Amino acid sequence: GGALDRVAEGLGVPMFEVPTGWKFFGNLMDAGKLSICGEESFGTGSDHIREKDGFWAVMSWLSIMAARKASVEEIVHNHWAKYGRNFFTRYDYENVDAAPANQMMANVEELITKGDFVGKEFSHGDKSYKVAKADNFMYTDPIDGSVSTKQGLRIVFADGSRVIFRLSGTGSVGATIRMYVDSYETDSAKQRQDAQVMLKPLVEIALKLSQLRELTGRDQPTVIT
């Protein structure tokens, strides 16, 4: 999600957005460029170990609570008041036939890489999102110069909201489509509402844009995170 981007910018500290895989954190840690890291599935760690560390994450939260003399709820609500709230969800569509899954990804990539896609505005209900950037994410490691391509189709909107599509397991059967949706909200009156309710407009925009339901025949994801 985009919450970390806003905090890093606010504090004036460097931040790296890397592909899936702990090895990308390791390179940055070994070079002294990184002291805390985390992944979309909430695994968190620091430069004392080259893997996620749940115990360390718990101790970090307890230290923050002790220093601030505040509960987790109070800390989170203060964060939303200062930086806004990033509502996040991931839709997993498992065991999808490879042909329609690949077709969907190809269609989305063709759409978002057209010259007129940036600047387009999409609306659903009372929410509107204007495209600021769209690409197939590519990462150049700042330490060893290695390049990782085709790491996910990204649509980033002007307010920092985003949609990402990733495909894994592309054999003849058993492909998994993951759709990541991050919707940004500055209205304090809406920041404590149910996440899935607040995410619904952008979820619907993403499903319509990708034609995921029509191509895969799936009306619902296998798992919602």
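Everything below is about the structure shown above.
Along each chain, residues carry numbers from 1 onward, in the same order as the chain's sequence is written. Local features in this predicted model are restricted to residues whose pLDDT is 70 or higher, and side-chain atom pairs enter the listing and the counts only when it is 80 or higher, whereas totals over whole chains, interfaces and linings include all residues. Note that water and hydrogens are dropped before the side-chain values are worked out from all heavy atoms of the structure.

### Notes on the pattern of salt bridges
As a working rule, side chains carrying opposite charge can pair if their charged atoms are close by. As a reminder of what qualifies: Take a side-chain nitrogen of Lys or Arg and a carboxyl oxygen of Asp or Glu: if they are within 4 Å of each other, that pair is a salt bridge. Only runs of H or I of at least four residues qualify as helices and only runs of E of at least two qualify as strands under DSSP, and these elements are numbered from the N terminus. Only protein chains enter the area calculation, which uses a 1.4 Å probe; residues under 20% of their type maximum are buried, those over 50% are exposed, and those in between are partly exposed.
Here the structure, examined in full by the defined rule, presents 11 salt bridges. Here D92 makes a salt bridge to R178, at a shortest N to O gap of 3.6 Å. With D92 in strand β3 (residues 85-96) and R178 in strand β10 (residues 175-185), the pair connects residues that are 86 residues apart, well separated along the chain. Judged by its relative accessible area of 4%, D92 is buried.

### A short note on helix α6 (residues 195-210)
As a reminder, the rule being used: Expected span, for any helix, means 1.5 Å times one less than how many residues it has. Note on bend: the value at a residue is the angle between axes fitted to the seven residues ending there and to the seven starting there. Within 3.5 Å is the distance limit for a polar contact, defined as a pair of N or O atoms, with the added protein rule that one can donate a hydrogen and the other accept it, and that residues adjacent in sequence qualify only through two side-chain atoms.
Spanning 16 residues, α6 covers 22 Å between terminal C-alpha atoms, matching the ideal 22 Å at 1.5 Å per step. A maximum bend of about 40° is found in α6 at P201. For α6, the full list of buried residues reads M198, L199, P201, L202, V203, E204, I205, A206, L207, L209 and S210. At the N-terminal end of α6, a side-chain oxygen is found 3.1 Å from the backbone nitrogen of Q196, two or three residues along, and the residue is D194.

### Re the environment of T44
Defined as follows: Contact definition: two residues touch when any of their heavy atoms are within 4.5 Å.
By secondary structure assignment, the location of T44 is in strand β2 (residues 44-46). Considered as a pair, T44 and A67 are 23 residues apart in the sequence and their alpha carbons are 20 Å apart. For T44, the contacting residues outside a window of four places in its chain are W22, C37, G38, K52, D53, W56 and A57.

### Focus: the side chain of R154
With respect to the secondary-structure elements, R154 resides in strand β8 (residues 153-157). With a relative accessible area of 8%, R154 lands in the buried category. At 3.4 Å, the side chain of R154 and the side chain of E17 are in polar contact.

### Description of the pairing of strand β9 (residues 162-168)
The condition is simple: In this description, strands pair whenever DSSP reports at least two bridges between them.
Note that β8 and β9 share 4 bridges and pair antiparallel. In the strand pairing of β9, V156 is matched with R162. Here β8 folds back onto β9, and the loop between the two strands holds 4 residues, one of which, G160, carries a positive phi near 95°. Pairing of β9 with β10, which is carried by 7 bridges, proceeds in the antiparallel orientation. Bridge pairing links F165 to M179 in β10.

### A short note on the sheet that holds β10
How we decide: Every axis corresponds to a line fitted to the C-alpha atoms, with the helix fit spanning only the stretch in contact, and the corresponding angles, defined between N-to-C directions, vary from 0 to 180 degrees.
Strands sit in the order β4-β5-β8-β9-β10-β3-β11 across an open sheet of 7 strands; the sheet is antiparallel. Looking at strand neighbours, the two that pair on one side only are β4 (121-124) and β11 (223-224), the edges of this open sheet. Note: β4 against strand β5 (residues 127-136), 4 bridges, orientation antiparallel. When the sheet's bridge partners are listed, F122 is paired in β5 with Y129. Each of β3, β5, β8, β9 and β10 is contacted by helix α5 (residues 98-112), which is oriented at about 145° to β9, the strand it contacts most.

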